[in-house]
Amino acid sequence: MLSSGLPSLKLLLLQGILLEKMADDSNKPPVEQPAGGSTEGNGASKEKTQDEQGARETELSKQVTKMPPDMVEGDTESTDIMEMAVQPLPPSAEKDAATPETQENELSITISEHETVTDDTEGPSEKREAGILEDEQQGPTEPQGESEVPVRVPSSTKLQQDMQQTSQEVQESDQKHLEHKDSLADQEILHVEAGAEVSREETGSLEAPITASSALAAEESLVSSATPGLLFEENEHIKTHPISLSWVFGYNSSLPVCSLLDEEHRVILYVSSHTAVIHDILRNRQYHLQGHSNSISCLCVNEDRRWIVTADQGPDSLIIVWDAFSGIPVRTIFDGHPEDGVGAIAISQDAKYLVTVGAGKIQRVCIWKWTSPEDKPMFSIELQPAFGYQNYIVFNPKNHKELVSNSKTQVIFYLWDRTGLQYSAPSLTDRTFNKTVGLFSQSVFHFSNFQALTATSGGKLVVWDAVCPPSTPASLCVKPHNMMAIKLMYVQKDALTVLTASDSYFVTGDVKGHIKFYDSHLQLVNWYSHFKLGPIQSISFSKTSPSPASNNSDYSRSCTINGQPFIIRNFILSTLDAMVLHVTAEGTKLDKLMEEAKEAVNAIACHPDQPLIAVGSHCGLLKVWDCMQTKYLVSRIFRGASIQCLSYDPEGSFLAAGFTDGTVSILDSISLEDDRKEFKYSRGPVTHISFSHDSQYLATADEKYSVTVYRRILKNGKRSWEHLAGLHSHYKPIRSILFGVLLDGDQPRLLSLGEDRLLVEYDLGSSSKEHLAVLRRDRIEQSAVPMCLAWYPPFTPEAFILTSNNQYKMKLYNATTRMCRKTLLGPTYGSPLEKIEILPAANSQDPQKRYLAYITKDKVGLQILPIDGNPHKSSAFICHPEGVSNLACSYDGSHIFTAGGDDCIVMKWEINVNALEAAVSLGGEDLIPFYNLLDGGRDGEFFRELEDYFYYAQLRSQGIDAMETRQVSTHIPLEEVPFVMRAMGFYPSEEKIEDMINEVKFSEYVETGKQVTNISLGDFIKLYINHRPAFGLSMKEIENAFQVLGYTSENGEIVINRGNLLQQLQSRGEHMTEEELAECLTTLLGMNPEGGRSEMATYDPSGAAAVIEEEIPEEITAEIFTADILGLPIPDPDKTETEKTHELPSSVRSAES
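Definitions and cut-offs
Residues numbered from 1 in each chain as written. Predicted model: local features only at pLDDT ≥ 70, side-chain atom pairs only at ≥ 80, totals over all residues. Heavy atoms only, no water. Helix = DSSP H or I, 4+ residues; strand = E, 2+ residues; numbered from the N terminus. Buried < 20%, exposed > 50% of the residue type's maximum accessible area, 1.4 Å probe, protein only. Contact = heavy atoms within 4.5 Å. Areas by Shrake-Rupley, 256 points an atom, 1.4 Å probe, with all protein chains shown as cover. Pairing = 2+ DSSP bridges. Axes fitted to C-alpha atoms, helices over the stretch in contact; angles between N-to-C directions. pLDDT = per-residue confidence, 0-100. Parallel < 35°, antiparallel > 145°, perpendicular 65-115°, else oblique. Left-handed = near helix turned anticlockwise from the far one by under 90°. Nonpolar A, V, L, I, M, F, W, Y, C, P; charged D, E, K, R; others polar. Core = buried A, V, L, I, M, F, W, Y, C linked by side-chain atoms within 4.5 Å. Patch = residues over 30% accessible without salt bridge, like charges linked within 9 Å, V, L, I, M, F, W, Y side chains within 5 Å. Salt bridge = Lys/Arg side-chain N within 4 Å of Asp/Glu carboxyl O. Polar contact = N/O pair within 3.5 Å; in protein donor to acceptor, adjacent residues only side chain to side chain. Lys, Arg positive; Asp, Glu negative; His and termini not counted. Charge placed at Lys NZ, Arg CZ, Asp CG, Glu CD. Phe/Tyr/Trp six-rings, centres within 6.5 Å; stacked < 30°, edge-to-face > 60°.

**Q** Any chance you could break down the overall build of the protein chain for me, citing the residues and the numbers?
**A** A count of helices and strands for the protein chain gives 24 helices and 60 strands. The 1153 residues of the protein chain split such that 52% are buried. Taking contacts inside the protein chain between residues at least 6 apart in sequence as the whole, the part at least 24 apart equals 54%. A total accessible area of about 53,900 Å² is found for the protein chain, and carbon and sulfur atoms account for 49% of it.

**Q** Give a detailed account of the sheet that holds strand β40 (residues 718-727), specifying residues and quantitative values.
**A** In spatial order, the strands read β37-β38-β39-β40; together these four strands make up an open sheet with antiparallel pairing. The sheet terminates laterally at β37 (686-691) and β40, the two strands that pair on one side only. Within the sheet, the average angular offset between the axes of one strand and its neighbour, ignoring direction, is 20°. Across nine bridges, strand β39 (residues 707-715) lies against β40 in antiparallel orientation. Looking at the pairing, Y710 lines up with H723 of β40.

**Q** Help me get a handle on the confidence of the model for the protein chain, residues and values and all.
**A** Per-residue pLDDT for the protein chain averages 80, and the proportion of residues at 70 or more is 76%. Predicted confidence is poor over residues 1-163, with pLDDT under 50, and the contacts of this stretch with residues over four places away or in other chains come to 225 contacts.

**Q** Help me get a handle on the packing of helix α20 (residues 1058-1067) against helix α21 (residues 1074-1084), residues and values and all.
**A** Angle between the axes and distance between the axes are the two parameters that describe a pair of packed helices. Contact geometry of α20 with α21 gives a least axis separation of 10 Å together with a crossing angle of 125°. When the axis of α20 is compared with that of α21, the two are oblique. The interaxial crossing formed by α20 with α21 has right-handed handedness. Contacts between α20 and α21 pair L1062, L1065 and Q1066 from the former with E1074, L1077 and L1081 from the latter. Its residues assigned to classes, the contact of α20 with α21 shows four nonpolar, one polar and one charged.

**Q** An account of the nonpolar core is needed here, citing residue identities and associated values.
**A** Among the nonpolar cores identified, the biggest contains 32 residues, and I268, V580, L862, I896 and W909 are the most heavily contacted of them. Secondary-structure elements contributing two or more residues to this core are β1 (243-249), β3 (267-272), β29 (589-595), β50 (850-855), β51 (859-865), β53 (886-889), β55 (906-911) and α12 (913-922). Listed in part, the 29 residues of the second largest apolar core include L825, F930, F950 and L1017.

**Q** So, unusual backbone geometry: which residues are in play, and what are the values?
**A** Residue P480 follows K479 across a cis peptide bond; omega there is 0°. In this fold, P480 is placed in the loop between β20 (460-466) and β21 (483-490). Here the amide bond leading from L865 into P866 is cis, since omega sits at 0°, within 30 degrees of zero. Residue placement: P866 occurs in the loop between β51 and β52 (874-878). Of note, the phi angle at N284 is positive, near 55°, even though the residue is not glycine. Among the structural elements, N284 can be located in the loop between β4 (275-280) and β5 (285-290). Backbone geometry places L672, a non-glycine residue, at a positive phi of 65°.

**Q** Describe the environment of L581, and please don't skip the residues or the numbers.
**A** You can see L581 is positioned in strand β28 (residues 579-584). Taking the relative accessible area as the measure of exposure, L581 reaches 3% and is therefore buried. With ten residues separating them in the primary sequence, L581 and D591 have C-alpha atoms 5.5 Å apart. Beyond its immediate chain neighbours, meaning those up to four positions away, L581 contacts L533, F571, I572, L573, L590, D591, K592 and L593.

**Q** An account of a nonpolar patch on the surface is requested, with residue identities and associated values reported.
**A** Where nonpolar side chains cluster on the molecular surface, the patch consists of Y952, L955 and I960 and spans about 240 Å² of accessible area. Of note, I960 is situated in the loop between α14 (941-958) and β56 (971-973).

**Q** Summarise the side chain of R364; cite the residues concerned and give the values.
**A** With respect to the helices, strands and loops of the structure, R364 is situated in strand β12 (residues 364-369). Of the polar contacts made by the side chain of R364, one reaches the backbone oxygen of G336; its length is 2.9 Å.

**Q** Break down helix α18 (residues 1017-1027) for me, citing the residues and quoting the values.
**A** Extensive coverage of α18 is indicated by the burial of nine of its eleven residues. Among the residues of α18, L1017, G1018, F1020, I1021, L1023, Y1024, I1025, N1026 and H1027 are the ones counted as buried.

**Q** How would you explain a negative patch on the surface if you had to name every residue and give the values?
**A** A cluster of acidic residues, E1039, E1050, E1053, E1115 and E1119, forms a negative patch at the surface. As for its position among the elements, E1050 is in the loop between β58 (1047-1048) and β59 (1054-1057).

**Q** How would you explain the packing of aromatic side chains if you had to name every residue and give the values?
**A** One pass over the full model with this rule turns up 33 aromatic pairs. Geometrically, the ring pair formed by F654 and W721 is edge-to-face, given 5.9 Å between the ring centres and 85° between the ring planes. A residue pair is termed long-range when its members are at least 10 positions apart, and F654 in strand β35 (residues 654-659) and W721 in strand β40 qualify at 67 residues. Classification of W721 by relative accessible area gives buried; the value is 2%. With 6.0 Å between their ring centres and 80° between their planes, F1002 and Y1005 make a pair best called edge-to-face. Given the relative accessible area of 18%, F1002 is considered buried.

**Q** Just give me the short version of the sheet that holds strand β18 (residues 440-445), but keep the residues and values in it.
**A** Ordered in space as β18-β19-β20-β21, the four strands form an open sheet in which the pairing is antiparallel. In the strand order of this sheet, the two ends are held by β18 and β21, each with one partner. Taken pair by pair, the neighbouring strands of this sheet meet at an average axis angle of 25°, ignoring direction. Of the strand pairs in this sheet, β18 and strand β19 (residues 452-456) are connected by four bridges, and their pairing is antiparallel. By the bridge assignment for β19, S443 is matched with T454.

**Q** How would you summarise the pattern of salt bridges if you had to cite specific residues and measurements?
**A** Under the defined criterion, the tally for this structure stands at 26 salt bridges. In this structure, D674 engages R636 in a salt bridge whose closest nitrogen and oxygen atoms are separated by 3.0 Å. Pair noted here: D674 is in the loop between β36 (664-668) and β37 and R636 is in strand β33 (residues 631-637), with a separation of 38 residues, a long-range link. Relative accessible area serves as the criterion here: at 22%, R636 is assigned to the partly exposed category. Here R982 and E990 are joined by a salt bridge, their closest N and O atoms 3.7 Å apart. Each of the salt bridges in this network shares a partner with another, and the network as a whole consists of R749, E761, R776, D778 and R818.

Here's what the structure looks like:
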């Protein structure tokens, strides 16, 4: 019977088809079809009776299709039995019913819950064709499951009645299965067996069957209806994220660049960090394939450029198959290589199979049938580490069951079938042919015989063939075990980097940028040596076949004796120097498509009032782009120099560049010519550079912890720059330098912030030649390390400096007194903030609505100001998995730019503040977001305890022994805040207590001139959330403290001497008195009843020394300190790294060492 999940729309389609067929029965005889839907063999149809054929056409009950022989024999490639295949229409009906394309899609629908499709490709096409013909002669195979005897066609009335009854049944079932239908429609692209097109010669059928799940939504499928160029239609997608990738500058030059479309559309594919980019060069548009959280390590495309496959290395690695026409990911394989990800990948000629090579120490080779829903590979095998790191693999285009891979020292051949995956690693050394072989680069199968070729760094080609010496056992005289090196051909003296095949030519690329073409006998046919390129990384030929030579064609001549026109496809070249070129074969025309940075990119800067961005790299390349039109404008190369940082002056006239050798250049912002001779006063690589608001001062910071200042002067009637002074002002790396404006004037002020926790302000007005005066130094952190610095927007009359530290806290300091006025929970996305930028205010923007852009170790984010600790006000996205090095904002605040450092990539991100505002609204108002940050939320036990402690604090403030009537209030005095914090498990230092008290006390002072003396429960919750440690105390922090304070014992453990520990507690930091230390330790060791004395009692320290000496060992390890002294459970060592660093139990979740 019909599947209950079949939509009524599809049933009506079948009804229409059958009614049309029935209407033609009186005029045209039915056409016999082989079982399974094949249209081959009209002669076979004549051997069948018309009655039997008519019965097959109208039968609606479940049928079992004929199975190919490999399915009967239990081939591992075979799949479940397909049910009830609808037969194609007679020729007359085909003309009236649908176009051939529609006919193919509609009539190959299988009404079955088994969604996999049989794979009939067993070997060479001749063998498969013979098997198909043999099957046709034998007739239908007896079904292995339930079947029915075909009956004669009933009358038209009877047929309509049966179909109406069936339609009613299906409509009733549709009501019950709407959710099931919707889920199937959502999964329309889960299986794309029909997309991996198999030739008719291989399958013996008219079309590849479409699975049931994809057929349910065929008319609406974006994949099935996609066409080349669909990605770059003018319709813009609605931006639903606060930050979305808009453009990518640069690419990974160590991976290949592929040609997707040629001729009128010049579309290429390359990798930029964790994103695959489809780039339409002629129309200057990009489409980004985003889905990886790690940097993409390898990619490949199939022969007709329809399917793109990407894979990455790292935790939670992915293998993703993309539809190149629509950009939709049609298949994702999770943790295909959980060890370290994927190191090499290839797709078969028929696009049905993938092979991946793991990147772990012990590499694993896996064969995947990616159109199958299975999450495990069909076959896999581990390779010996002695084979070296296999970084290249390829299928045999004539037989997808043969593969070859190579490392620098070993070539391996593979063969897989129903019994499994086998491999052979033939030996080849310099002694084999008494010649130097060199290191292997790439391998390829021969296109006209059974041989294979491998290119080497010695300029040679290794020829491999199946050989069976007389003494070899019969078991080793089969592939892949009989593959041996039979010839070592010297073709040139320069190292070969690329070896591929196109049509009837082998193509090589070398370290000097030369391209050579060889015929099937490895005779040189043609070469390109005049391009003057760097080492060739990849060669990708167009999928469009070349046009034949004519009198008007301009093909070059081959170097053979007959000098025939050398006709090849157009191709894309990429080099290790990050250059991409297009070669038009006719006329040998070379077009440069891209030239990007080949070394680390750390320096980016945006023009203050124009849509320009400057990008500098360690290779000395400085480029300026129009970031709105994404067009390259001007560039300059600094030979032998590495650009580390850039900055435009506020007027937009100058562009200052800092170099890794300590040099500073001030350039004209338009021409990039030097405004004056370069300066070299920094003691190390320049890490930061900035102009003052009036463009009169320029300051730099270097890796030697020094700040250097330059000023603009009038000399001989001309404005020029001179060195003012420098100062070694920090003893740890400088994180930020920042110019501002004095509050009582228009004079610039300069600040620097270092990892030494010092905020230094310089007195520029009092500075003179070779003397940089310091106005004040302030230590702004007690234990945290400050990471970045910015001026806080003027939301209030009080001016603030905003900082962020490595404990995920953001702090506001009074710009004059340096008092910490507020501590707030910052974004917590895996790592602390590395840099922050206040976005420029838009003209139409509410002055009380400002935004802050930031970067972490690998993410870029957006934060709504003013900051209050609400986590919904922040959002972040992975931008550079290997690390982001810099951040810049466009002049109008509409875009953010990030530099990836060693990945040589700059990314442009579009900002959508409305999406972030919507997320804040959905997160709740007032205290709701903060309740959710408490254990158990508003209705949890933790909140109820907090309420109890809050009311108990009111009792304490009114006197424990007081007999008067208690006054219950919603507030408690500020003096009670430290006690309630400690009762809730947060033990702040004395300095943090002072910061909390000051934060509340002066919260209204600017507006009212009065100090606040009490705090409400809601404000207390916010204070608690913002001040407590973001992730609690972890075992890792305790171990790090022992690494710093301890020493290695005789047992190899890191320990601290008991006497040293007690001395450190009494003399370092906020030291404890001897009585406080004794009471604390005896209480922790359980020597005091009921956890210690009451508030009204006094402590007697007598005997404490003896107890401490007896209970605490002479040498204390981190485990002893945690478990025996603090009484905390130690995390299980078998847990994952993430679990190891998880916070300790809630009773001490906020304790600090």
